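Coordinate analysis (summary)
The primary structure of each chain is shown beneath.
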Amino acid sequence: MARLNWGMIGGGEGSQIGPAHRMGAQADGNFVLSAGALDHDADKGRAYAQRLGVAEDRAYGDWREMLAGEKDRDDRVDLVTVATPNSTHFEITKAFLENGFNVLCEKPMTMTVEEGEEIVKIAEASGKICAVNYCYSAYPMVREMKQLVSTGFIGKIRLVVTSFSHGHHGDAGDADNPRVRWRYDPAMAGVSGQFADCGIHALHMASFIAGDEVRELSADFASTIESRTLEDDAMVNFRMDGGTVGRLWTSSVAIGRQHGFDIQVFGETGGFRWASEQPNQVYYTPVGGRTQIMEKGEGGLSDEAQRLSRVAIAHPEGFPLAVANIYVDLAAAIRGEAHGSYPTAADGLRSMAAVYAAVGSAKERGAWVDARPPMFR
């Protein structure tokens, strides 16, 4: 099957997320990097794109030049990935959707709820894909949990407990490090720091596995390092449309925790536990029974989990291949084939609405507030 043309904006040399996208997009032979505007420094971006194999005439200086250069080509890119700073996501995603391109945007999709609602409407009107890179939802064993929950394997879901907490920003002496400082600066990060950075991954995962949406929440934010304007620790309680209760902790000052993303799902007849640092395993406990380990690659897993597994049992599949699974689903969707549940613009919008709801709740000392975007109420 012919490979699809793929273009990337941002994610240049030295980027944290860029290599994961490049490995992920090209891991299964679905996409080839055909165009890119990879750096805010135009010359560096062009040079790096060419070193990655992009033709000189498709190695662009910025996203506007890329849009102008690609939109009238017969072989234009089939998918554009937006991996630029948060504040630019809306403008770039909007422009490419309006010109008929499929888009995968890094999270957060937008900086405001209003922008998110506009992206959802534009995506619907254009008929094009607008996906958001909540890539943790694409680990095979996360898909296995989702599948089992959807079939009632552990009964009605009563409670979800999740966290995404690390300690890599716990050194107050590191406050002026530019890779850290921007995350707590409202001018660059928006209204929220840690919750918008990591917490929304955990919140999305809760909704994804439970098959339900967050209706209301109550939040407590803390800036534990005095120089920070935005929070570096947050506790969020939430309730879903179907009655499920949720508890979420996210922190960047939890020294000793490395990645720290895990989730527990408790139903009427059993419970699941998954952690990103051991992503090949799900712990399952039936009510009144022994805890069992479900392993990626073993027999009897769902088609969805098997479809997204590439290597034999006991061999790890890490973060870049979780990103790759998002691209697997997007390639199938672009080709008009059956695909899994990739995160959409609606998911990105719900996340931003939850961020603003949590900020508002924290300012009101944990008051319960509606977490839904206005267009979904």
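All values reported here derive from a predicted model rather than from experimental measurement.

1. A word on the environment of Glu268
- With respect to the element layout, Glu268 can be found in the loop between strand E10 (261–267) and strand E11 (270–275).
- Once residues within four sequence positions are removed from consideration, Glu268 is found in contact with Ile154, Gly155, Lys156 and Arg158.

2. Side note on the side chain of Arg372
- Summarising the element assignment, Arg372 is placed in the segment after strand E14 (369–370).
- A relative accessible area of 14% means that Arg372 is categorised as buried.
- A distance of 2.7 Å separates the side chain of Arg372 from the side chain of Asp370, its partner in a polar contact.
- Once you skip the residues sitting within four places of it in the chain, Arg372 turns out to touch Val214, Arg215, Ala353 and Arg377.

3. A few points about the packing of helix H1 (residues 18–26) against helix H11 (residues 319–334)
- The N-to-C vectors of H1 and H11 enclose an angle of 55 degrees; their axes lie 7 Å apart at closest approach. Considered as vectors, H1 and H11 are oriented oblique to each other. H11 is crossed by H1, and the crossing has right-handed handedness. Here Ala20, His21, Met23, Gly24 and Ala25 of H1 lie close against H11, whose contacting residues are Phe319, Pro320, Val323, Ala324 and Tyr327.
- When the residues that make up the contact of H1 with H11 are grouped by side-chain class, the tally is eight nonpolar, two polar and no charged.

4. Digging into the sheet that holds strand E5 (residues 130–132)
- Pairing within the open sheet is parallel, and its five strands lie in the order E2-E1-E3-E4-E5. Each of the sheet's edge strands pairs with one partner strand only, and the pair in question is strand E2 (31–37) and E5. Strand-to-strand twist across the sheet, computed as the mean angle between neighbouring axes with direction ignored, equals 25 degrees.

5. Some words on unusual backbone geometry
- Of note, the amide linkage connecting Lys107 to Pro108 takes the cis form, showing an omega dihedral of -10 degrees.
- Following the sequence through the fold, Pro108 ends up in the loop between strand E4 (102–105) and helix H5 (113–126).
- Even without a glycine there, the phi angle at Ala314 is positive, about 80 degrees.
- Position of Ala314 relative to the elements: it lies in the loop between helix H10 (303–307) and H11.
- Relative accessible area serves as the criterion here: at 61%, Ala314 is assigned to the exposed category.

Here is what the cut-offs are and how they apply
- Residues numbered from 1 in each chain as written.
- Predicted model: local features only at pLDDT ≥ 70, side-chain atom pairs only at ≥ 80, totals over all residues.
- Heavy atoms only, no water.
- Helix = DSSP H or I, 4+ residues; strand = E, 2+ residues; numbered from the N terminus.
- Contact = heavy atoms within 4.5 Å.
- Buried < 20%, exposed > 50% of the residue type's maximum accessible area, 1.4 Å probe, protein only.
- Polar contact = N/O pair within 3.5 Å; in protein donor to acceptor, adjacent residues only side chain to side chain.
- Axes fitted to C-alpha atoms, helices over the stretch in contact; angles between N-to-C directions.
- Parallel < 35°, antiparallel > 145°, perpendicular 65-115°, else oblique.
- Left-handed = near helix turned anticlockwise from the far one by under 90°.
- Nonpolar A, V, L, I, M, F, W, Y, C, P; charged D, E, K, R; others polar.
- Pairing = 2+ DSSP bridges.

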